Amino acid sequence: MRSRAGAKAVVAMLSALIATRASAAPAFPYSDFFTLANPQHLSLTLFASAIGNESRYAATHEGFQLEQTLNPYIGVVGRVSGYQIYQGAGWDNPLTIHPGTRPRNFGVFMGGIDLLPFQGTSLAILGGRDVGDSNGARIEGDFSSWIALHSRHPINLSFVGDHFYNNGQSSGLIDVRVVMSSWRELTWLLGAGGQLWGGGPEPHIMKEFGPDLGLFFRRWQTSVDLQAGYGNNHGYGTISVTHLFGWDE
Amino acid sequence: MKLSQRQFRHPSIRLGAIALFGLILIAHCAAAFAQDTVGQVTAVTGSAKLERGGVEVNAAPTMPIKVRDELRTAADSKLTVTFRDGSKLILSDSSSYTIDEYSIAATSRIRASIALWAGHLRATVFVAIGAVPDFQVHTPNATTAVRGTEFEIAYITGRPCPEDRSCTRYTTVGVLHGVVAVANIANPAQTIQVTEGYETTIACESPATSPAPLGMEEMGAPGYH
């Protein structure tokens, strides 16, 4: 019941967002839908992250993502990542059994499309498969949108939903971050976010929330994101580093 | 009262006259040089051209730069010009600009006006302590007046503007240090101030957008997603 109300709230928020953007758009906002993106753009994102909590869950993952624009509103995405789960279980764990004495390693291959309906908004829909200690399929949806983009303090809303067919677990991540300040070399963001997960080996809805800190180092095109907080697994912390390359074609 | 021939022949008077004449000549030359050569090419990567009086030559380091020179870069090229007041313009690939005005007295800039015709230009403007800079960069649809020292400006044609996809000629201005006043050339009174770490876009005849943080297109959801 509660999740249905939450889903309605998310749909209402997305509808409001689309309505406000559409009212600001020209009469035929997608008249160039059947043209190639100009310029075509290829981006490569390298990423690495580490997650840990007091209930002794420890995991790292790293990899790269390639995205190529097709038309101005759609891109194709491919992602390859490696996961290491050292002990315990958490929101990004697709394993069917709790890890034993050795770290569990698996690779994840995903592909899909990225919808770019407005400036600063994207919705990527991905599907793929795990290979290694986890070998089931998985699907993922990534939504990110900037509100008040042309202001001193733009706000970023992001939602990520995953489902792991290997163990039947689903997870959702939500973050709200505000640009606090932007300088020549650095932009920093502050906000709050957390994770919800359940299903499969986890009979209850688990959750954890905490404050977010984001740092974007412009010269190196590198972001460092930190989150620490508290939830069903007690205290937790995450850190990630992403590095972006981009080429106009 | 006239100096007699005898008095003029006096060595000290003659020396004084020569010194005075020399000073006048140097001052004239300096003024002429100041009006003429305003800087020089200090770095070239790839291929860059300098057009002066309808004659085009390859730009090379130490080549003097004068007012009304047009500078152009080819693909994968970059050109740096350092002016006599210490200001610097770095022209990125497939770009061009003209020096419409660059008034220098001794080594202090009085007034500068640059026209960016295409591509991307990074300006580092020397500002003397206590001075009010008068350094302007124009594109075909925007005008910027520099109140600070370092900024980037690009004029892009043939591509949809991210702010208004129906517009295919637009200017972006990003400020790395100081403040830059930006306006659409069609409405120069509607000026916005862009501060360090922010950027604005001027699409076709639209006014400059409210400043947004630099590099927003590279930022999104946190990476641990």
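Just above sits the structure.
This one's a predicted model, so the numbers in the text were calculated from it and none came from an experiment.

K.L.:
Help me understand the overall build of chain B, please; the structure alone is not making it clear to me.
P.N.:
Of regular secondary structure, chain B possesses two helices and 17 strands. Counting all 225 residues of chain B, 42% fall into the buried class. Nonlocal contacts in chain B, meaning residues at least 24 apart in sequence, comprise 45% of its contacts between residues at least 6 apart. Counting every atom, chain B has about 11100 Å² of accessible surface; 58% of that belongs to carbon and sulfur.

K.L.:
Honestly, the interface of chain B and chain A in this entry has me stumped. Any pointers?
P.N.:
As a measure of interface size, the accessible area lost when the parts come together is often cited. Taken together, the contact between chain B and chain A spans 30 residues of the former and 42 residues of the latter. Here chain B packs against chain A, burying approximately 3000 Å² in sum over the two surfaces, 54% of which is carbon and sulfur. In this assembly, chain B and chain A are joined by 14 residue pairs in polar contact (both at pLDDT 80 or more). When contributions to the side of chain B that touches chain A are tallied by element, the ones reaching two or more residues are strand E13 (169–177) and strand E17 (212–213) of chain B.

K.L.:
Is there a simple way to explain the nonpolar core in this structure?
P.N.:
One broad trend across soluble globular proteins is that nonpolar side chains are buried collectively. Tyr 97, Tyr 102, Ile 114, Leu 121, Phe 135 and Phe 151 of chain B are the most contacted members of the largest nonpolar core, which has 39 residues in total. The dominant element in this core, judged by the number of residues it contributes, is strand E9 (residues 108–124) of chain B, at five residues. Apart from the residues within four sequence positions on either side, Ile 114 of chain B is in contact with Leu 89, Tyr 97, Thr 98, Ile 99, Tyr 102, Leu 121, Phe 135, Gln 136, Val 137 and His 138 of chain B. Core analysis: the next-biggest nonpolar cluster, separate from the first, contains 16 residues, Tyr 57, Val 77, Leu 95 and Val 160 of chain A among them.

K.L.:
Is there a simple way to explain unusual backbone geometry in this structure?
P.N.:
Glycine aside, negative phi is the norm for most residues, and most peptide bonds take the trans geometry. In this model, Asn 38 of chain A is joined to Pro 39 of chain A through a cis peptide bond whose omega is 0°. Located in the positive-phi region is Thr 62 of chain B, a residue other than glycine, with phi close to 75°. With respect to the helices and strands, the residue Thr 62 of chain B is situated in the loop between strand E3 (55–58) and strand E4 (64–66). At Cys 204 of chain B, a position not held by glycine, the phi torsion is positive, near 40°. With respect to the helices, strands and loops of the structure, Cys 204 of chain B is situated in the loop between strand E16 (198–203) and E17. Residue classification places Cys 204 of chain B among the buried residues on the basis of a relative accessible area of 17%.

K.L.:
So what exactly am I meant to see when it comes to the pairing of strand E2 (residues 48–52) of chain B here?
P.N.:
All names here are of chain B. Strand direction decides the pairing type here: E2 and strand E5 (residues 70–73), joined by four bridges, are antiparallel. Paired with Ala 48 across the bridge in E5 is Thr 73. Strand direction decides the pairing type here: E2 and E3, joined by four bridges, are antiparallel. Counted as the bridge partner of Leu 50 is Val 57 from E3. As consecutive antiparallel partners, E2 and E3 are separated by two residues, and within that stretch Gly 53 has a phi angle of approximately 60°, a positive value.

K.L.:
What is the right way to read the pairing of strand E8 (residues 169–182) of chain A from this model?
P.N.:
Looking along a regular strand, one sees side chains alternate from face to face of the sheet. Residues and elements named next belong to chain A. Taken together, the ten bridges between strand E7 (residues 155–164) and E8 define a ladder with antiparallel strand orientation. For Gly 161, the partnering residue across the bridge sits in E8 and is Gly 172. From the end of E7 to the start of E8, which pair antiparallel, there are four residues, and Gly 168 there has a positive phi angle of about 80°. Pairing between E8 and strand E9 (residues 186–199): twelve bridges, direction antiparallel. Bridging from a neighbouring strand, Leu 173 pairs with Gln 195 of E9.

K.L.:
Hey, could you run me through the pattern of salt bridges in this one?
P.N.:
Considering all chains together, one arrives at 19 salt bridges over all chains under this definition. For Arg 79 of chain A, the salt bridge identified is with Glu 140 of chain A, shortest N-O distance 3.1 Å. Within this pair, whereas Arg 79 of chain A is found in strand E3 (residues 74–87), its partner Glu 140 of chain A is found in strand E6 (residues 137–147), the two being separated by 61 residues in sequence. There is no split in this pair, since Arg 79 of chain A and Glu 140 of chain A are both buried. Across the pair Arg 184 of chain A and Glu 185 of chain A runs a salt bridge, and its minimum N-O distance is 3.4 Å. A relative accessible area of 29% means that Glu 185 of chain A is categorised as partly exposed. Look at the salt bridges and you will find they share partners, linking Arg 184, Glu 185 and Arg 219 of chain A together with Arg 122, Glu 150 and Glu 152 of chain B into a network.

K.L.:
I would appreciate a short explanation of the packing of aromatic side chains in the present structure.
P.N.:
What characterises a pair of aromatic rings is the spacing of the ring centres plus the angle enclosed by the ring planes. Here the structure, examined in full by the defined rule, presents nine aromatic pairs over all chains. Ring centres of Tyr 83 of chain A and Phe 106 of chain A lie 5.1 Å apart, and the angle between their planes is 15°; on these two criteria the pair is classed as stacked. With a gap of 23 residues between them, Tyr 83 of chain A in strand E3 and Phe 106 of chain A in strand E4 (residues 104–115) connect regions that are remote in the sequence. The exposure class of Phe 106 of chain A is buried, given its relative accessible area of 4%. Seen from their ring centres, Phe 217 of chain A and Trp 220 of chain A are 6.2 Å apart, and the 55° between their planes marks the pair as tilted. Its relative accessible area of 53% is what places Trp 220 of chain A among the exposed residues. Here the aromatic residues Tyr 30, Phe 33, Phe 34 and Tyr 73 of chain A are joined through ring pairs into a cluster of three or more. Against the face of Tyr 83 of chain A rests Arg 138 of chain A, its NZ or CZ located 5.3 Å from the ring centre. Across from the ring centre of Tyr 198 of chain B, 4.3 Å away, lies the NZ or CZ of Arg 152 of chain A, which sits over that ring.

The rules behind these values
- Residues numbered from 1 in each chain as written.
- Chains lettered and ligands numbered in written order.
- Predicted model: local features only at pLDDT ≥ 70, side-chain atom pairs only at ≥ 80, totals over all residues.
- Heavy atoms only, no water.
- Helix = DSSP H or I, 4+ residues; strand = E, 2+ residues; numbered from the N terminus.
- Buried < 20%, exposed > 50% of the residue type's maximum accessible area, 1.4 Å probe, protein only.
- Contact = heavy atoms within 4.5 Å.
- Areas by Shrake-Rupley, 256 points an atom, 1.4 Å probe, with all protein chains shown as cover.
- Buried area = accessible area lost by both parts, 1.4 Å probe.
- Polar contact = N/O pair within 3.5 Å; in protein donor to acceptor, adjacent residues only side chain to side chain.
- Core = buried A, V, L, I, M, F, W, Y, C linked by side-chain atoms within 4.5 Å.
- Pairing = 2+ DSSP bridges.
- Salt bridge = Lys/Arg side-chain N within 4 Å of Asp/Glu carboxyl O.
- Phe/Tyr/Trp six-rings, centres within 6.5 Å; stacked < 30°, edge-to-face > 60°.
- Lys NZ or Arg CZ within 6 Å of the ring centre and 35° of its normal.

All quantities given are derived from atomic positions and should not be read as evidence of function.
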